[in-house]
Amino acid sequence: QVQLVESGGGLVQAGGSLRLSCAASGRIFSINAMGWYRQAPGKQRELVADIIGGGSTRYADSVKGRFTISRDNAKNTVWLQMNSLKLEDTAVYYCYMIGLGDSTYWGQGTQVTVSQ
């Protein structure tokens, strides 16, 4: 089994920064993709950013230029540096990982709240 443990969420004022981390542990044979989704109240879960395969990254248009995803392969860990946070970034952020055989794993979620 694979576990994803997230940390780093919290309350921040608009314009501020937060850094999320997600560490994967357990029976990990390969990581095909790893990254973050988010879900705001009343909205569908959406991709925020991820790192695929050899290291290519994807970002939602709404976070490009503000968020940066990075990875440490040796530690099976990804980070999401979030700068210039906006009210609309408020959501529960979920780490996800696609492993061997395209099995998908999810973290428990961490709340990010951006206030005025």
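Above: the structure in question.
First, a word on scope: everything that follows refers to the structure included in this document. (Residues numbered from 1 in each chain as written. Predicted model: local features only at pLDDT ≥ 70, side-chain atom pairs only at ≥ 80, totals over all residues. Heavy atoms only, no water.)

## Examining the sheet that holds strand S3 (residues 18-26)
Strand order in the open sheet formed by four strands is S1-S3-S8-S7, with antiparallel pairing between adjacent strands. Two strands bound the open sheet, and with one partner strand each, they are strand S1 (2-7) and strand S7 (67-72). For this sheet, the mean inter-axis angle between neighbouring strands, taken without regard to orientation, is 15°. Sheet topology note: the S3/strand S8 (residues 77-82) ladder contains six bridges and is antiparallel. Within the sheet, the bridge partner assigned to Arg19 lies in S8 and is Gln81. (Pairing = 2+ DSSP bridges. Helix = DSSP H or I, 4+ residues; strand = E, 2+ residues; numbered from the N terminus. Axes fitted to C-alpha atoms, helices over the stretch in contact; angles between N-to-C directions.)

## Some details on the environment of Leu20
You can see Leu20 is positioned in strand S3. Spatially, the C-alpha atom of Leu20 lies 5.7 Å from that of Ser7, the residues being 13 residues apart in sequence. If we skip the residues at most four places from it in the chain, Leu20 touches Ser7, Gly8, Gly9, Trp36, Val78, Trp79, Leu80, Met82, Tyr93, Thr110 and Val112. (Contact = heavy atoms within 4.5 Å.)

## Description of the pairing of strand S11 (residues 110-115)
Along S11, the buried face is formed by Thr110, Val112 and Val114; none of Gln111, Thr113 and Ser115, which line the opposite face, is buried. By the bridge criterion, three bridges tie strand S9 (residues 91-98) to S11 in an arrangement that is antiparallel. Among the inter-strand pairings, Ala91 is bridged to a residue of S11, identified as Val112. (Buried < 20%, exposed > 50% of the residue type's maximum accessible area, 1.4 Å probe, protein only.)

## Some points on the nonpolar core
In terms of nonpolar packing, the biggest core is built from 27 residues, with Trp36, Leu80, Met82 and Tyr93 touching the most fellow members. Elements with a minimum of two residues in this core: S1, S3, strand S4 (33-39), strand S5 (46-52), S7, S8, S9 and S11. Not counting chain neighbours up to four residues away, the residues in contact with Leu80 comprise Leu18, Arg19, Leu20, Trp36, Val48, Ala49, Phe67, Thr68, Ile69 and Tyr93. (Core = buried A, V, L, I, M, F, W, Y, C linked by side-chain atoms within 4.5 Å.)

## Notes on the state of the cysteines
This model, assessed by the stated rule, comprises one disulfide. Here Cys22 connects covalently by a disulfide to Cys95, the sulfurs 2.0 Å from one another. Looking down the S-S bond of the Cys22 and Cys95 bridge, the torsion is -80°, so its handedness is left-handed. A residue pair is termed long-range when its members are at least 10 positions apart, and Cys22 in strand S3 and Cys95 in strand S9 qualify at 73 residues. The burial state of Cys22 is the same as that of Cys95; both residues are buried. (Disulfide = S-S within 2.5 Å.)

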